[in-house]
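The primary structure of each chain is shown beneath.
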Amino acid sequence: MTRLACLVVPLFPLAARLRSEPELAHEAVAIFEGNGNTARLVAATRPARRAGLKPGFTLPQARLLLPKLTARPRDAECERSAQEALIEAAETISPRSEEAKDGVVYLDVLGLERRFAREVQIGAALMEATQAEGLPTKVGIASSKLAARVAADSPGSPTVVPPGGEAEFLAPLPLARLAPEAEVASTLERWGVRSIGELARLPSAEVTSRLGRTGSELHGIARGMDAQPLIPRQPPPTFREGMTLEWPLVSLEPFLFVGRAALDRLAHRLCGRGLACRRLEVALRLEPDGHYERAIELPAPTRDTKTLLTLVRLELEARPPGAPVVGFSFTAHPDRSPETQLSLFGPATLSPDRLAATLARLFALLGPGRVGSPKPLDAHRPEGFQLEPYTPPPPPEFDSPPSRGRGLLGARTFRPAIPLEVITAHLPRPHPIAAADTICEPKATYGSASREVAEKPPPPSLRLLSIANQPHDSQEAENVAKRPTIQGKVRVASGPWNLEEEWWSEHPVDRDYWDVELSDGGIYRIYQERRSQEWFADGIYD
Amino acid sequence: MIHAAEPQNALELPVGEPIPPAITVPRPALEISESRIPTASAIRKSLPEMLRKRVLSARRLSARPATQRWTTADPRLDRLLDGGIQRGTLLEMVGQRSSGRFSLLLAMLAAVTSSGHPAVLIDLGDGLDPRLAAQAGIDLARLLWLRPRRMREALAGAETVLTSGFPLVALDLGSPPVPGGRGAEASWLRLARTARDRDAALLVSAPYRVSGTTATTVVMPKMSRPLWSEHRSGSPPPPRRFTGLRIEWEVQKRRGQSPGDRESWTLTTAAVVNAVDGGETTTARPAPVVPAPVRQVSEVPAALQSWRKTG
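Residues numbered from 1 in each chain as written. Chains lettered and ligands numbered in written order. Predicted model: local features only at pLDDT ≥ 70, side-chain atom pairs only at ≥ 80, totals over all residues.

Draft legend 1. Fine view of the sheet that holds strand β10 (residues 276–286) of chain A. Residues and elements named next belong to chain A. The four strands are arranged β9-β12-β10-β11 in an open sheet whose pairing can be described as antiparallel. In the strand order of this sheet, the two ends are held by β9 (239–249) and β11 (290–302), each with one partner. Taking each pair of neighbouring strands and ignoring which way they run, the sheet shows an average axis angle of 15°. One ladder, built from seven bridges, connects β9 with strand β12 (residues 325–335); its direction is antiparallel. Bridge pairing links F239 to A332 in β12. Each of β9, β10 and β12 is contacted by helix α11 (residues 252–272), which is oriented at about 165° to β9, the strand it contacts most. (Pairing = 2+ DSSP bridges. Helix = DSSP H or I, 4+ residues; strand = E, 2+ residues; numbered from the N terminus. Axes fitted to C-alpha atoms, helices over the stretch in contact; angles between N-to-C directions. Contact = placed C-beta atoms within 7 Å.)

Draft legend 2. Inspection of the interface of chain B and chain A at higher detail. Each side of the interface is counted separately: chain B has 86 residues, and chain A has 67 residues. Looking at the side of chain B that touches chain A residue by residue, the classes come out as 45 nonpolar, 27 polar and 14 charged. Direction of pairing for strand β13 (residues 371–375) of chain A relative to strand β5 (residues 143–146) of chain B: antiparallel, over a ladder of two bridges. The residue bridging V371(A) from the neighbouring strand is L146(B), located in β5(B). (Nonpolar A, V, L, I, M, F, W, Y, C, P; charged D, E, K, R; others polar.)

Draft legend 3. Geometry of the pairing of strand β22 (residues 535–541) of chain A. All names here are of chain A. Where burial is concerned, most of β22 is hidden: six out of the seven residues are buried. The sheet contact formed by strand β21 (residues 523–529) and β22 spans six bridges and is antiparallel. Note that in β22 the partner of Y524 across the bridge is I540. Between the antiparallel neighbours β21 and β22 lie five residues, among them Q533 with a positive phi of about 65°. (Buried ≥ 20, exposed ≤ 12 C-beta atoms within 10 Å, placed from the backbone.)

Draft legend 4. How the structure looks around the packing of α11(A) against helix α12 (residues 305–318) of chain A. Residues and elements named next belong to chain A. Across the interface, α11 lies against α12 with an axial gap of 9 Å and an inter-helix angle of 140°. One finds that α11 runs oblique with respect to α12. As for how α11 packs across α12, the hand of that crossing is right-handed. For the pair α11 and α12, the contacting residues are L252, L256, G259, R260, L263, D264 and A267 in the first and T305, L308, L309, V312, R313, L316 and E317 in the second. Class assignment of the residues belonging to the contact of α11 with α12 gives a composition of eight nonpolar, two polar and four charged. (Parallel < 35°, antiparallel > 145°, perpendicular 65-115°, else oblique. Left-handed = near helix turned anticlockwise from the far one by under 90°.)

Draft legend 5. Representation of the packing of α12(A) against helix α13 (residues 352–366) of chain A. Residue and element names in this part refer to chain A. Running from amino to carboxyl end, α12 crosses α13 at an angle of 20°, the nearest separation of the two axes being 9 Å. The orientation of α12 relative to α13 falls into the category roughly parallel. In the crossing of α12 with α13, the sense of the turn from one axis to the other is left-handed. Contacts between α12 and α13 pair T307, T310, L311 and L314 from the former with A357, A360, R361 and A364 from the latter. Broken down by class, the residue content of the contact of α12 with α13 amounts to five nonpolar, two polar and one charged.

In structure tokens:
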């Protein structure tokens, strides 16, 4: 035995459009299919129907009756999104669903007795769930698809056909409701069979012997038995929302206005499944035949509409489509938020959902490569680093005291390194020799990847006299204004300390490092590129 | 003729109507059986020890609980901060170049993250070296690093992370010139209030005062002196090395208390710490360093002169 619910969205093209533009719900709106004056009316709101509009009217005819009519073309994107939303809303009640056609969904409701005492309550819950998605539906529940479909169309939703009562329920309906093939229909008409009940009363074996397999299936449906069982659908891996715009948009703000509503609907659907968006794909249809597609990777799954909209804004500002937009769709690749076991005695931790939304918001605020968890590079350059997604480990079970302070002197790294002009003097003595009040000793190296310094010719012994920012041209003025000013006489200097790595690569690092104390009070870490002989400051001890 | 407006609120009296006398409800005598107090304490005793302190008696409910402090595991820094990093407040550290300001910030981040708390570093100067941060004891997995380019982004980021529940947010403005200047005072006020409402500690490290009157505590360096290894004889003489900073910091402002507390300590470079550790990065203690006198460039050290003569 099976029990099936049929969900039907009356006037589906109109309902799908009003889901995208809910502000039109109480106005005279009509949906037309086709182009120009040949477009035919397929659905209209109640105010429009009261004015006399009927399906099949052309747009001029409709305007003649209702000059203030709001006309909208049939939008496949809206209807597809609404159909997905309808199925997802139905699946919040039962997971086994079959998509029949636009605006019609069958649902297996057998086994819901523990949750719903009566089947009418199932129908009411389905109507409530779909209404929350902006789709008013009618629901019928029966043991066969046809009976459930007919019950859904009958007035007073939800309608429940009791088990075993399908044949009786269908009996008064005309035979055309079964949509038989023309040959079979004419045969039945010659037999004088006019209603489904009359067909059901015929002996099954006789119908089969005369009409074959087609007749047998029709006879079974007339008796309340489905020819095919319910075929559950596989849920799609992505969620998609979009619409065709009434007129092309050439600026960003109007697009974001309509895009926000679509993202709201997308977030609502994700929320219904307990999912969040990990990757958002933006697809735009451009005038006349262009396409624009971008993918936005999120640092953490989120369904925060504001964050998603900001990311879309940044993406479109950075890479504008370059042509008027006539349609769009957002596709969300879902993911589950990481779950964290909270500790009763340990330090408080962050809510995973809130953390994900925060990270996405920061990502939108600062841009890519600006938010994350720092990680050292497997190299010795001080400016090198990696940024990894921020996924803090769970907190310890108990509060623990902090580890003992190390009294370490930190150094700020200059990114990028600041070009310097260094006044030096070569000491008359060969290496090794002292500079100013310091001694040059190149034996020590910073990098384990360094080759033996002894293999190289000894660097010239230098005496550092003064240091200043390198003069710049006018084009660099803006960047230079952001750099710290480094200027002064060298009080004490220590070096050079050689750092050499990646000598096998195209961009090897070969530097002589110095620690210098300047008269401005700063203690800097500077280096000289061995190849170019240029000086840079790459950090300050602070 | 002017008519008095009808009261919109049902509780509002019409104009000219005498105010009725206040209704006084006789308060019943407080009847608390003293015999029940031991029962409450017995319940408290039955709880695990870690939970006992969190259960307050009804008499103490009106009293605002003292704000929690994180110890920095550095006795001198704790003394300077009157017990540690105070939650719910804004602590501003002001210092010019090479004053040890960044090192103190790293030490505080290390203390908080090593005890299992998440923390945020908003690095406007983009000066964090992750390797050095790990050596300073920061649990990098618990540290969220933000690299804003402008002050406006830094302030907006700080507000976002404070609102989301991070217990410690460190905002480092880097070396001057700070992109964006001091920021609007209203922004600092909003940040301080958010930190108070969320019971989070907001550390601001800046080259000059930025937060105006909103900071609960302001600390500044009183002295900063670089330390260089001593001259030693030899042929050739071994190199002198920069070994650290001797710093002294002073409390310039502490809300509700008198300022003026000072603490001084020595910060040691990573090279020296690693040399002492033997390459390990776990239990390092700074080596005792004898400061060398600072000499002008024009001076030629005696050791060098003698070396030249002999060479």
